[in-house]
Structures are given as structure tokens and as C-alpha cells.
Amino acid sequence: QVQLVESGGGSVQAGGSLRLSCEASGYTADRNFIVWFRQGAGKEREGIASIGVGGGITDYADSVKGRFTLSRDGAKNTVYLQMDSLKPEDTAMYYCAASPYYYGMNPSNYDYWGQGTQVTVSS
């Protein structure tokens, strides 16, 4: 079993920055990959960034590539999502999910989820 807790969300103006955290606990083998998803109002949940154990095998959606950066702190079992140059279109609830293998960006492939943290970007 895996437990995930997101934090770091808030309200910022366009062009600002936030750093989200996803703290994971439970069986290490079940959280070899951490994937960030987001869901805006009236939209489907979309995968935006993934990272493997040790910080390797990173991937980003085109919508955030070049602006968002993933890192993983193994000592704290925490994945960080640094978000720069934020846009109003980034406004969404952000979730992290865990899996033993890389299942891609389809949210239906993941069993373990956090409760989410809200990000609001104003123009």
C-alpha cells in the first residue's frame, strides 16, 4: 500500500512560481514511479509529468515542458514539481499518483492517489 500527500498549492499571478510536493509512504516497490496529474474545472484529468526512482526516466507533457521541472528526494521520499512562468491555463487541482512500473500518462492506470492541492493562477 502507498499513501501520498500533496502540498504547496496556492494562488499566484501569471508569471509567478510555485513548488508542489508529493510525499510518499508505504511499500517502496509500489511507488517506483510518481506521476503528476491535474484537472481543471470542466476538464478531464491529464498527466503532466512523471519521474522514476532515483530521479531518472522523466517525462513532461507538451503543455508544461520547459516551464515545469521534476526532482526526487529519496531521503525524504518526496517528489517536487517546480512550476515557473505560470499561466492562467495552469489553474487546476494537482494530484500525484504512484505505480510500481511506468504506466504512462493515463490516469486510469494508477491505483494510488493523493487528495490533491489547488493551484490558481490569475491574469
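Scroll up a little and you will see the structure.
Residues numbered from 1 in each chain as written. Predicted model: local features only at pLDDT ≥ 70, side-chain atom pairs only at ≥ 80, totals over all residues. Heavy atoms only, no water.

S.K.: Looking at this model, I keep getting lost on the pattern of salt bridges. Mind explaining?
M.R.: A side chain of one charge can pair with a side chain of the opposite charge when the charged atoms of the two come close. Per the counting criterion, the structure on display carries four salt bridges. Here Arg38 ties to Asp90 by a salt bridge, and the two come within 2.9 Å at their closest N and O atoms. In this pair, Arg38 is assigned in strand β4 (residues 33-39) and Asp90 in the loop between β8 (78-83) and β9 (92-99), connecting sequence segments 52 residues apart. Classification of Arg38 by relative accessible area gives buried; the value is 6%. On the basis of relative accessible area, Asp90 is assigned to the buried category, the value being 1%. Lys65 serves as the salt-bridge partner of Asp62, at 3.4 Å between the closest nitrogen and oxygen. (Salt bridge = Lys/Arg side-chain N within 4 Å of Asp/Glu carboxyl O. Helix = DSSP H or I, 4+ residues; strand = E, 2+ residues; numbered from the N terminus. Buried < 20%, exposed > 50% of the residue type's maximum accessible area, 1.4 Å probe, protein only.)

S.K.: Is there a simple way to explain the state of the cysteines in this structure?
M.R.: Should the sulfur atoms of two cysteines be covalently bonded, the bond is a disulfide. This structure, assessed with the given rule, holds one disulfide. Between Cys22 and Cys96 runs a disulfide, and the two sulfur atoms are separated by 2.1 Å. Looking along the S-S bond of the Cys22-Cys96 disulfide, the torsion reads about 75°, which is the right-handed sense. Here Cys96 lies in strand β9 and Cys22 lies in strand β3 (residues 18-26), a separation of 74 residues in the sequence. What makes Cys96 buried here is its relative accessible area of 0%. (Disulfide = S-S within 2.5 Å.)

Coordinates in, geometry out; function isn't part of it.
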